[in-house]
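Coordinate analysis (summary)
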Amino acid sequence: MELFFLCSFFALVLFVSFSFLSLFSSTRKTNGNSQTKLPPGRTGLPFIGESLEFLSCGRKGHPEKFLYDRMAKYSSQVFRTSILGEPTAVFCGAAGNKFLFSNENKLVTAWFPNSVNKIFPSSTQTSSIEESKKMRKLLPNFLKPEALQRYVGMMDAIAQRHFETGWEGSQEVAVFPLAKNYTFWVACKVFLSIEDPKHVTEFSHPFNVLASGIISIPIDLPGTPFNRAIKASNLIRKKLSTIIKQRKIDLAERKASQTQDILSHMLLTTDENGQCMNELDIADKILGLLVGGHDTASAVITFIVKYLAELPDIYHKVLTEQIEIAKLKAPGELLNWEDIQKMRYSWNVAREVMRLAPPVQGAFREALNEFIYAGFTIPKGWKLYWSVNSTHRIPEYFPQPEKFEPSRFEGNGPSPYTYVPFGGGPRMCPGKEYARLEILVFMHNIVKRYKWEKLVPDENIIVDPLPMPAKGLPVRILPHQTPSS
């Protein structure tokens, strides 16, 4: 194992050295201007910057340490570092979030690491930024609240089948892999109209490999996360190509509906020139949707289960709310939109979970032009990073930040730009409402069936790139004596 990491280190040095001279040249020109005042900080080791520490803090379960150490040492507003081979300014606090979210496409634009561009090849034809913009234009009709209402019953039906096949009859289960199964099943149904559990299971494994390599150092050598992710994405793309070809036939023969899912919508949507997307573009976009549509929600669900096991009073309040909803349902009747709106306390619990264990740690932007922020010069082309950890656990924004307190979200809730698990501004996650539905449907189905106990009381948490319990959160499940239906 030590040899593998040593080889990876030298491979990393070779990789970034090709870009170092140009990076050094541009930095030297910037620093040559006597009027330029860069943010305080350090760029770390030659060639590799502070990438290893940035990634290792997450893998050790404390991604906030990288941020807090530098905020204390350099600045609580903005500091300089080097991440993934790029000079980076890290914006901190609510003011930093507001600045980045409010200046989208004015002073800053989205930026994705090279690993993303290489895993999704269609993005190299334009850019991952342009592909992201196209995707956002396609999604609103399917992910706005009015459209999502029709998915509630379907999600409930999948959740019931999920518990029947994955939980019932077991005394102990590992929550994280089961949560991923549930959210992936829902995503397959919504995006591709695939709901056969066997097909879903066959499809899911390469996605788990892919997710761990998306945000990684792009070293394409055997055994690296990046190499495994590329292989997984190629395998998924082949499967998607088969599905796309069959859907084209089904649409032509009117065996499939034009509005049944996002795949049909993509196949029939044309651009300003009347051209349809090619199959590679569609495959990459569906691939991205399936990754984003299940990974983050499964992490949230897992930590909801964790906190409810640790906090019996909170569990009881969630159970009471969900049982009141269940009592009003006829036998066999599925949840509907009105039921979801009654789950106010349960959603506040989920929101507090996302404050303490955010599924996404932050995101990158790129400076479109040189600008001044907090008295410091941010050069054109620098990468900019915002992190949930610069506000979510800061007493200034959340008194007693380590305390689990769902009431924080009552009334007007947290101050603007302090609670950002879904990002903010024009680039706020378009799947926010979709995630809310599948999370609440899961909470309804689990609490009305079970109480549970953690089997590993002090289980470590790792962030790679999503937070996850190191052992998958094993629990002992205790069925209610008189289950509600």
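Treat the numbers as computed from the prediction; the structure is a model and nothing was measured.

Rules and cut-offs
Residues numbered from 1 in each chain as written. Predicted model: local features only at pLDDT ≥ 70, side-chain atom pairs only at ≥ 80, totals over all residues. Heavy atoms only, no water. Pairing = 2+ DSSP bridges. Helix = DSSP H or I, 4+ residues; strand = E, 2+ residues; numbered from the N terminus. Axes fitted to C-alpha atoms, helices over the stretch in contact; angles between N-to-C directions. Contact = heavy atoms within 4.5 Å. Parallel < 35°, antiparallel > 145°, perpendicular 65-115°, else oblique. Nonpolar A, V, L, I, M, F, W, Y, C, P; charged D, E, K, R; others polar. Buried < 20%, exposed > 50% of the residue type's maximum accessible area, 1.4 Å probe, protein only. Salt bridge = Lys/Arg side-chain N within 4 Å of Asp/Glu carboxyl O. Core = buried A, V, L, I, M, F, W, Y, C linked by side-chain atoms within 4.5 Å. Arc of directions from axis to C-beta. Expected span 1.5 Å × (residues − 1). Bend = angle between axes of the 7 residues up to and from the residue. Polar contact = N/O pair within 3.5 Å; in protein donor to acceptor, adjacent residues only side chain to side chain. Left-handed = near helix turned anticlockwise from the far one by under 90°.

Attention shifts here to the sheet that holds strand 9 (residues 450-454). Taken together, three strands build an open sheet; the order of strands is 4-12-9 and the sheet is antiparallel. Every interior strand has two partners, whereas the edge strands, strand 4 (172-174) and strand 9, have only one. Each adjacent strand pair in this sheet contributes to an overall mean axis angle of 40°, direction not counted. Across the face of the sheet, helix 10 (residues 175-192) comes into contact with strand 4 and strand 12 (474-479) while running at roughly 65° to strand 4.

The subject of this paragraph is the packing of helix 2 (residues 51-59) against helix 3 (residues 63-73). Between helix 2 and helix 3, the shortest axis-to-axis distance is 5 Å and the interhelical angle comes to 130°. Judged by the angle between their axes, helix 2 and helix 3 are oblique. On helix 3, the residues touching Glu53, Phe54, Cys57 and Gly58 of helix 2 are Pro63, Lys65, Phe66 and Arg70. Class assignment for the residues of the contact of helix 2 with helix 3 results in four nonpolar, one polar and three charged.

With that out of the way, let us pick up the sheet that holds strand 5 (residues 362-367). Ordered by their spatial adjacency, five strands build an open sheet running 1-2-8-5-3, and the pairing between neighbours is mixed. Because the sheet does not close on itself, it has two edges, and the strands there are strand 1 (78-83) and strand 3 (108-110). Ignoring which end each strand starts from, the neighbouring axes of this sheet average 35° apart. Bridge count for strand 5 against strand 8 (residues 383-387) is five bridges, and the pairing is antiparallel. For Ala363, the partnering residue across the bridge sits in strand 8 and is Trp386.

The next thing to look at is the side chain of Arg436. Secondary-structure assignment places Arg436 in helix 19 (residues 432-447). Of the residues examined, Arg436 reaches a relative accessible area of 12% and is grouped as buried. Setting aside anything within four residues of it in sequence, one finds Arg436 in contact with Trp337, Ile340, Gln341 and Trp347.

Attention shifts here to the pattern of salt bridges. Tallying each qualifying case throughout the model produces 26 salt bridges. A salt bridge links Asp339 to Lys329; the shortest N-O distance between them is 2.6 Å. A residue pair is termed long-range when its members are at least 10 positions apart, and Asp339 in helix 17 (residues 337-341) and Lys329 in the loop between helix 16 (312-327) and helix 17 qualify at 10 residues. The two residues Asp339 and Lys329 agree in class, both being buried. When the shortest N-O distance is used, the salt bridge between Glu352 and Arg408 registers 3.0 Å. Remark: Arg408 occurs in the loop between strand 8 and helix 19 and Glu352 occurs in helix 18 (residues 344-356); sequence separation between them is 56 residues. When its relative accessible area of 15% is taken as the criterion, Arg408 is described as buried. Salt bridges sharing partners connect three or more residues here, namely Arg42, Glu50, Glu53 and Arg70.

Further remarks concern the nonpolar core. Trp167, Ile286, Leu290 and Trp452 are the most contacted members of the largest nonpolar core, which totals 97 residues. Of all the elements, helix 10 adds the most residues to this core, at 12 residues. Discounting residues that sit within four places of it in the chain, Ile286 has contacts with Phe191, Leu192, Leu240, Ile262, Leu263 and Met266. Among the nonpolar cores identified, the runner-up in size contains 18 residues, and Leu38, Phe371, Leu384 and Val420 belong to it.

Every buried residue of helix 2 is listed here: Ser51, Phe54, Leu55, Cys57 and Gly58. Around the axis of helix 2, the buried residues are gathered within 155° of arc, so they sit on the same side. Residues of helix 2 that are buried in the fold lie against helix 3, strand 1, strand 8 and strand 10 (461-463). Positive phi appears at Gly61, one or two residues downstream of helix 2, with a value of about 90°.

Our next topic: helix 11 (residues 197-214). If you check helix 11, its first and last C-alpha atoms are 26 Å apart, about what 18 residues at 1.5 Å a residue would give, namely 26 Å. The sharpest bend along helix 11 comes to roughly 30°, located at Ser204, with the proline Pro206 sitting one to four residues further on. Tucked into the core, helix 11 has its buried residues touching helix 5 (114-119), helix 10, helix 12 (225-252), helix 14 (279-292) and helix 15 (295-310). Of the residues flanking the start of helix 11, the one acting as N-cap is Asp196, its side-chain oxygen 2.8 Å from the backbone nitrogen of Lys198.

So, on to the packing of helix 10 against helix 15. Between helix 10 and helix 15, the shortest axis-to-axis distance is 8 Å and the interhelical angle comes to 135°. In terms of axis orientation, helix 10 runs oblique to helix 15. Viewed along their axes, helix 10 and helix 15 form a crossing whose handedness is right-handed. Contact with helix 10, carried on its side by Val175, Phe176, Ala179, Lys180, Tyr182 and Thr183, involves Asp295, Ala297, Ser298, Ala299, Ile301, Thr302 and Val305 of helix 15 and no other residues of that element. Split into classes, the residues belonging to the contact of helix 10 with helix 15 amount to eight nonpolar, three polar and two charged.

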